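# Structural overview
Single-letter residue listing:
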Amino acid sequence: MADQNLRELLEQLHKELEHMDAVDEQGNEMLRHLDADIRNLLKRSRTEGEIDPDEPLLERLQDTIDHFETDHPRLTEVLSEMMTILSNAGI
């Protein structure tokens, strides 16, 4: 169930990015890394059957939330939902 929710939130994240005003270079880099992290996590979960804890992912996710919190509240909301799903999945 967590995989499906993460995929849906990843799609929401991409939609949000399409409708956002310009994002600074640091923000773009953070989102690219986060996207790659989540895709790798989903790929591992499909091949290994379970999701392994990934502490750096959670730290990067929190840093990204902090970075966008003021200027992009909708994006922050989607990222926060991701954090909740990952936490509920035991990551």
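None of the values given here were measured: they were computed from a predicted structure. (Residues numbered from 1 in each chain as written. Predicted model: local features only at pLDDT ≥ 70, side-chain atom pairs only at ≥ 80, totals over all residues. Heavy atoms only, no water.)

Another aspect to go through is the nonpolar core. Grouped together as the largest cluster of nonpolar side chains are 23 residues, with contacts concentrated most on Leu13, Leu61, Leu79 and Met82. Only α1 (2-19), α2 (25-48), α3 (55-68) and α4 (73-88) provide two or more residues apiece to this core. In terms of residues, this core owes the most to one element, α4, which gives 7 residues. (Core = buried A, V, L, I, M, F, W, Y, C linked by side-chain atoms within 4.5 Å. Buried < 20%, exposed > 50% of the residue type's maximum accessible area, 1.4 Å probe, protein only. Helix = DSSP H or I, 4+ residues; strand = E, 2+ residues; numbered from the N terminus.)

Between its first and last C-alpha atoms α3 spans 20 Å; for 14 residues at 1.5 Å apiece the expected length is 20 Å, and the two agree. Leu57, Leu58, Leu61, Thr64, Ile65 and Phe68 are the residues of α3 that are buried. What you see down the axis of α3 is that its buried residues fit within an arc of 125 degrees, all on one side. (Expected span 1.5 Å × (residues − 1). Arc of directions from axis to C-beta.)

On to the environment of Leu6. Within the secondary structure, Leu6 sits in helix α1. For Leu6 and Leu86, which are 80 residues apart along the polypeptide, the C-alpha to C-alpha distance reads 8.2 Å. Contact partners of Leu6, with chain neighbours within four places excluded, come to Leu41, Leu42, Met82, Ile85 and Leu86. (Contact = heavy atoms within 4.5 Å.)

Per-residue pLDDT for the chain has a mean of 79; in total, 87% of the residues score no lower than 70. Ranking the elements of the chain by mean pLDDT puts α1 last, at 74, and α3 first, at 88. (pLDDT = per-residue confidence, 0-100.)

Attention shifts here to the packing of α3 against α4. At a minimum axis distance of 9 Å, the contact between α3 and α4 shows a crossing angle of 160 degrees. Taken together, the axis directions place α3 and α4 in an arrangement best described as roughly antiparallel. Where α3 crosses over α4, the handedness of that crossing is left-handed. Here Leu57, Leu58, Leu61, Gln62, Thr64, Ile65 and Phe68 of α3 lie close against α4, whose contacting residues are Pro73, Leu75, Thr76, Leu79, Ser80, Met82, Met83 and Leu86. Taken together, the residues of the contact of α3 with α4 sort by class into 11 nonpolar, 4 polar and no charged. (Axes fitted to C-alpha atoms, helices over the stretch in contact; angles between N-to-C directions. Parallel < 35°, antiparallel > 145°, perpendicular 65-115°, else oblique. Left-handed = near helix turned anticlockwise from the far one by under 90°. Nonpolar A, V, L, I, M, F, W, Y, C, P; charged D, E, K, R; others polar.)

Moving on, we come to the side chain of Asp35. Summarising the element assignment, Asp35 is placed in helix α2. The class of Asp35 is buried, set by a relative accessible area of 17%. The residues contacting Asp35, other than those within four sequence positions of it, are Leu10 and His14.

To continue, consider the pattern of salt bridges. Evaluation of the coordinates by the stated rule reveals 3 salt bridges. For Asp37, the salt bridge is made with Arg60, and the minimal N-O distance between the two is 2.5 Å. Note that Asp37 is positioned in helix α2 and Arg60 in helix α3, a separation of 23 residues in sequence. Judged by relative accessible area, Arg60 falls into the partly exposed class, the value being 31%. Arg74 is the partner of Glu77 in a salt bridge, and the nearest nitrogen-oxygen pair spans 2.9 Å. In this pair, Glu77 and Arg74 both sit in helix α4, 3 residues apart, roughly one turn of the helix. The exposure class assigned to Glu77 is partly exposed, which follows from its relative accessible area of 42%. (Salt bridge = Lys/Arg side-chain N within 4 Å of Asp/Glu carboxyl O.)

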